[in-house]
Structures are given as structure tokens and as C-alpha cells.
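Okay, here's what each chain looks like letter by letter:
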Amino acid sequence: VNTYVLVANTGSTASTLRATLLREGSTPLTADIPIGAGVRQNVDVQGLFPSAFGTRFGMLVEPTPGATAVPLVVEWAHYADAAGMPWSAGAAALGTCAPK
């Protein structure tokens, strides 16, 4: 199973985002991610938060405290193997955020 959060900064200013992993029954984990202006990048959840592998979680993506608020598009993508074929099953969901 592979889970990714794909983040797009649709604005014209770079920023730093905070990814907060909200684990079921556990303390949240955080990591800061720099993102350039007009950039779309993948965040490998297992690579960023190895202890999350095999657990249920949600993720909050927002500017780090004091960072510039930028318009974001955030997509969650989950891939799994099925019938012996790598990445042949999966799901995705999309969200957007405009700076306040």
C-alpha cells in the first residue's frame, strides 16, 4: 500500500507548509515542507512519517506558523496491489484552500 499527498501551490509566492498526520489513537506527527510558487509536488506519507505505515490517519496541510498563506490544491492518493498487479487498485480525493 502506498499513500501520497499531492500538494499544488497555485499562487505566485513560495511558502512552507506544515503537514500534520492525525493518527487514530496516537499523538499527531508534523513535518514542514517547502513549496515553490506554481509548483505541484508529491509527499510520500510513508517516507515522511515511517511510523504511520499500516495505521489509519488523516492529514492536515496548512502554512507553517508565520509563513505566507498561499492558495493550495491538495489531493490524497492511495495505491495498492491487486491480483498480483502492482498499483492496480487505488482511490483519490481532492481538496482546495484559498488564503484568508
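See the structure printed just above.
Just so we're clear, the structure is a prediction, and the values are computed from it rather than from any experiment.

**Student:** How should I be thinking about the nonpolar core in this particular structure?
**Tutor:** Note on soluble globular proteins: their nonpolar side chains tend to be buried together. Counting residues in each nonpolar core, the largest one holds 15 residues, and the members touching the most others are V5, V7, L17, F49, V61 and L72. At the level of secondary structure, the elements contributing two or more residues to this core comprise strand 1 (2-9), strand 2 (15-23) and strand 3 (29-35). Excluding anything up to four places from it in sequence, L17 contacts V7, A31, D32, I33, I35, V61, E62, P63, T64 and L72.

**Student:** What should I look at first to understand the environment of A93 in this one?
**Tutor:** Structurally, A93 can be placed in strand 7 (residues 85-97). Judged by relative accessible area, A93 falls into the partly exposed class, the value being 39%. With 16 residues separating them in the primary sequence, A93 and A77 have C-alpha atoms 6.8 Å apart. Among all residues touching A93, those that are not within four sequence positions of it are V74, E75 and W76.

**Student:** Can you help me understand the sheet that holds strand 2 in this one?
**Tutor:** The strands making up a sheet associate through hydrogen bonds between their backbones, and the pairing can be parallel or antiparallel. On the basis of which strands lie adjacent, the open sheet formed by three strands has the order 3-2-5 and antiparallel pairing. If you trace the sheet from one side to the other, it starts and ends with strand 3 and strand 5 (57-63), each paired once. With direction set aside, neighbouring strand axes in the sheet form an average angle of 25 degrees. Where strand 2 and strand 5 come together, seven bridges link them in antiparallel fashion. Note that in strand 5 the partner of R18 across the bridge is E62.

**Student:** Help me understand the pattern of salt bridges in this model?
**Tutor:** Oppositely charged side chains can pair when the atoms bearing their charge come close. In the structure shown here, the tally under the stated rule is three salt bridges. With a shortest N-O distance of 3.3 Å, R56 and E24 are connected by a salt bridge. Placement of R56 in the loop between helix 1 (45-48) and strand 5 and of E24 in the loop between strand 2 and strand 3 is noted, with a sequence separation of 32 residues between them. Given a relative accessible area of 62%, R56 falls into the exposed group. Its salt-bridge partner being E75, residue R40 comes within 3.4 Å of it at the nearest N-O pair. With R40 in strand 4 (residues 40-44) and E75 in strand 6 (residues 72-82), this residue pair connects regions lying 35 residues apart in the sequence.

Reading guide: rules and limits
Residues numbered from 1 in each chain as written. Predicted model: local features only at pLDDT ≥ 70, side-chain atom pairs only at ≥ 80, totals over all residues. Heavy atoms only, no water. Core = buried A, V, L, I, M, F, W, Y, C linked by side-chain atoms within 4.5 Å. Buried < 20%, exposed > 50% of the residue type's maximum accessible area, 1.4 Å probe, protein only. Helix = DSSP H or I, 4+ residues; strand = E, 2+ residues; numbered from the N terminus. Contact = heavy atoms within 4.5 Å. Pairing = 2+ DSSP bridges. Axes fitted to C-alpha atoms, helices over the stretch in contact; angles between N-to-C directions. Salt bridge = Lys/Arg side-chain N within 4 Å of Asp/Glu carboxyl O.

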